[in-house]
Amino acid sequence: MPHESVVLGAPAAVRTDRTQARARAARNRTLLVHGTRVLLLVGLLALWEGLARAAVIDPFNFSMPSKIWDQITQWAIDGTPQGSLWEQIWYTLYEALFGWIIGVIGGVVLGIALGRIRFLADVLGPYIKVLNALPRIVLAPIFLIWFGLGPASKVASAVVLVFFPVFFNAFQGAREVDRNLVANSRILGASNRQVTLQVVIPSATSWIFTSLHVSFGFALIGAIVGEYIGATKGLGLLVSASQGTFNAAGVYAAMAILAVVALLAEGLLAFLEKRLFRWKPADTSADR
Amino acid sequence: MNSHHVPAIELRGASKAFRTPSGALHTAVRDLDLVVERGEFVAVVGPTGCGKSTSLTLISGLEEPTSGDVLVAGEPVRGIGDRTGFVFQQDAVFPWRTVLSNVMAGPRFRGVPKDRARERAREWLARVGLAAFEDRYPHQLSGGQRKRVALAATFVNDPELLLMDEPFSALDVQTRALMSDELLDLWSDTGASVVFVTHDLEESIALADKVVVMTAGPATVKEVFAIDLPRPRRVEEVRLEPRFVEIYREIWSSLGEEVRITRERGATHAA
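Residues numbered from 1 in each chain as written. Chains lettered and ligands numbered in written order. Predicted model: local features only at pLDDT ≥ 70, side-chain atom pairs only at ≥ 80, totals over all residues.

Caption draft 1: Expanded view of the overall build of chain A. Within chain A, the regular secondary structure consists of 11 helices and zero strands. Listing every helix and strand of chain A by position from the N terminus yields α-α-α-α-α-α-α-α-α-α-α. Against the globule reference of 19 Å for 288 residues, chain A gives a C-alpha radius of gyration of 26 Å, more extended than a compact globule. Counting only C-alpha atoms, chain A reaches 70 × 70 × 30 Å along its principal axes. The buried share of chain A, taken over its 288 residues, is 32%. Counting contacts in chain A only where the partners sit at least 6 residues apart, residues at least 24 apart contribute 72% of the total. (Helix = DSSP H or I, 4+ residues; strand = E, 2+ residues; numbered from the N terminus. Rg over C-alpha atoms; globule rule 2.2 N^0.38 Å. Buried ≥ 20, exposed ≤ 12 C-beta atoms within 10 Å, placed from the backbone. Contact = placed C-beta atoms within 7 Å.)

Below, the structure is given as C-alpha cells:
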C-alpha cells in the first residue's frame with residue numbers, strides 16, 4: 001500500500017501494526033494446524049502402544065509402534081531374512097517403476113492414437129471395454145505362471161494396472177481438444193502429424209498427468225501383489241514372509257516403508273508437473 | 001478490371017447441411033451466392049445463429065458444401081489453402097506456447113526455417129504493439145492482447161484471403177473500436193480480400209466496402225449494400241457522419257426484419 005504511507009503518520013502506523021498482527025495470526029494458525037497434526041499422530045500411536053502394553057488389545061495380533069520401529073531398524077541394520085532391506089525396496093521400486101513406464105507409454109500412445117483415429121477407436125473400443133471390466137488383479141497369478149518368480153511377472157501386473165487409467169485419460173484428452181485450436185492450427189498450415197504432436201498431445205498432457213498420479217500408486221500395488229503371491233525379493237515378499245511367521249510387526253513395518261516410498265514418488269511427480277505446466281495460470285480459480 | 005477477371009472468392013448456390021446429434025438434418029446455409037473481389041472488404045451481417053459462420057468454414061475449406069460450388073481465385077476449394085487466414089471468435093491461441101512461439105507457429109508449420117520464422121514473427125508482434133510481451137504466455141495477457149496475438153499469427157502467413165468470424169465480439173467496446181482501427185491499418189498494407197462475419201451492423205458499415213445481409217436461418221443472401229464512405233476511416237469518427245447514419249437506416253430496414261423473424265421463432269420455441 002504505497003499511497004497510504006503518504007497519508008498522516010498515525011493511521012499509517014496503525015496500518016502497519018495491523019498488518020503485522022494479521023501476519024502473526026496467519027503464522028499462528030499454520031503453527032496450530034501443524035501442531036495439532038503432530039499431536040494427533042503422537043496421540044494415536046501412544047494409545048495403540050498403551051492399549052497393547054496393557055494387553056487390552058492382543059499385542060501378538062496387533063503389535064505395537066515400538067515393536068514396529070524396532071523391526072524397521074533391525075531390518076535396516078541387520079537386513080531381512082531375504083537379504084538387505086535396501087535391496088527389497090529397490091526391487092519393488094524397480095518393478096513398479098518399470099511397469100509404470102511401460103504402462104504409461106502404452107496407455108498414452110494407444111490413447112492418443114484411438115483418440116485421433118476414428119477407425120481404430122471404432123474397431124478396438126469394445127475390446128478395451130471388456131478388458132477394463134476384468135478385475136485385473138486376478139491376472140497376477142497368471143503372470144506368475146507365465147513369467148516365473150522373477151521381476152517380470154510383477155512388472156506385467158503393474159503394467160496392466162497402470163495401462164487402463166492412463167489410456168482412458170489420454171483418449172479423453174485427445175477427444176476433448178478444443179476444436180477451435182485444431183481448426184486454427186490447420187488453417188495456419190499444420191499437417192495431421194503436426195496437429196497430433198503439437199496440438200493434441202500438449203492439450204492432453206493435463207489429462208494424462210492426472211492419471212499419472214493415481215497410476216503410480218497402481219504400479220506399486222501391482223508390484224506388491226505380484227511379490228506377495230510369489231517372489232524371491234521385494235517388500236511384498238517381506239509382507240507375506242512376516243505374515244507366514246506370524247510377525248505382525250513385520251507386516252506393519254513393510255507397510256510403513258511402502259507408504260514412505262509412495263509419498264516420495266508422489267512428491268517427485270508433483271515437482272515435475274509444476275515444471276512442465278509453466279504455461280498454466282497459477283491459480284485455476286482466477287478468471288482468465 | 002478486364003472482362004475476364006477472376007474474383008477472389010465466389011460462392012455459387014452453395015448449401016451446407018449438418019446431421020444434428022439427434023439425427024435430424026439441419027440446413028445452415030442454402031443457395032448462397034456471393035462474390036468477393038480481390039482486395040475487397042466484405043462484411044456479412046445477419047441475425048444471431050443464422051449460419052453466417054458456416055459460409056466462412058466453406059470458403060476456408062474446413063468444411064465442404066453439401067451442394068453448390070465454392071471457388072477461390074477461380075479454383076474449386078479442396079482442403080485448406082495456404083493463402084487463407086482465419087481469425088476465430090473464441091481465443092484460438094495455443095496456451096502452452098509463448099506469444100512469440102504462437103506467432104511463429106504458422107510459418108513453422110509451413111516449413112519456414114526457425115530463424116526466418118522468428119524474425120517475421122517479431123516484425124508482426126512489433127506491428128501489433130506486443131514486442132515487449134513476446135515471452136509471456138497467453139493467460140498473462142488481456143483479451144485484447146490475445147486478439148492481437150491472433151491477428152499477428154494470421155498476418156504473418158501473408159494471407160490473400162482473410163476470414164474473420166466475429167473476431168472482436170468478446171472484447172469490451174473501447175478495445176473493440178481500437179482493434180477495428182488496427183485491423184483496417186494492417187489490412188490496407190496487405191491488400192488481402194476480407195470476409196468479416198458479424199452481427200453488429202455498425203461494425204460492418206464502419207469496416208467494409210460491401211455489406212451482405214443474410215436472412216434468418218437457414219441463411220442465404222438477402223441483399224448486398226455498397227458502402228461509399230471514403231477511406232482511410234477511423235471507426236469512432238466515421239459513425240458520426242450523416243452518410244453513415246443514412247446507410248445504417250437503409251440496411252437496418254432490411255436486416256431488422258430478419259432479426260424480428262429470428263426473435264419470433266425463438267419465442268415460439270420457448271412457448
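Having seen the model, we can carry on.
Caption draft 2: Quick peek at the confidence of the model for chain B. In this model, chain B carries a mean pLDDT of 88, and residues with pLDDT of at least 70 account for 97%. With pTM at 0.76, the complex prediction returns an ipTM value of 0.85. (pLDDT = per-residue confidence, 0-100.)

Caption draft 3: Highlighting unusual backbone geometry. The linkage connecting arginine 231 of chain B with the following residue, proline 232 of chain B, adopts the cis geometry, with an omega of -5°. As for its placement among the helices and strands, proline 232 of chain B is situated in the loop between β10 (221-226) and α7 (235-238). Phi angles above zero are rare outside glycine, and alanine 55 of chain A is one such case at about 60°. Within the secondary structure layout, alanine 55 of chain A lies in the loop between α1 (9-53) and α2 (59-62).

Caption draft 4: Quick look at the pairing of strand β1 (residues 9-19) of chain B. Residues and elements named next belong to chain B. Alignment of β1 against strand β2 (residues 25-36), held across eight bridges, turns out to be antiparallel. Residue pairing for β2: arginine 19 is matched across the bridge by leucine 25. Remark: five residues form the turn of the hairpin made by β1 and β2, two consecutive strands paired antiparallel; glycine 23 in that turn has positive phi of roughly 100°. Pairing of β1 with strand β4 (residues 67-72) involves five bridges; the strand directions are antiparallel. Across the sheet, residue isoleucine 9 finds its bridge partner in β4, namely valine 72. (Pairing = 2+ DSSP bridges.)

Caption draft 5: Quick peek at the environment of valine 93 of chain B. All names here are of chain B. Position of valine 93 relative to the elements: it lies in the loop between β6 (84-87) and α2 (99-109). You can call valine 93 buried: it has 23 C-beta atoms within 10 Å. Spatially, the C-alpha atoms of valine 93 and proline 138 are 7.3 Å apart, while their sequence positions differ by 45 residues. If near-sequence neighbours (up to four positions away) are discounted, valine 93 is found in contact with Asn102, Pro138, Arg146, Val149 and Ala150.

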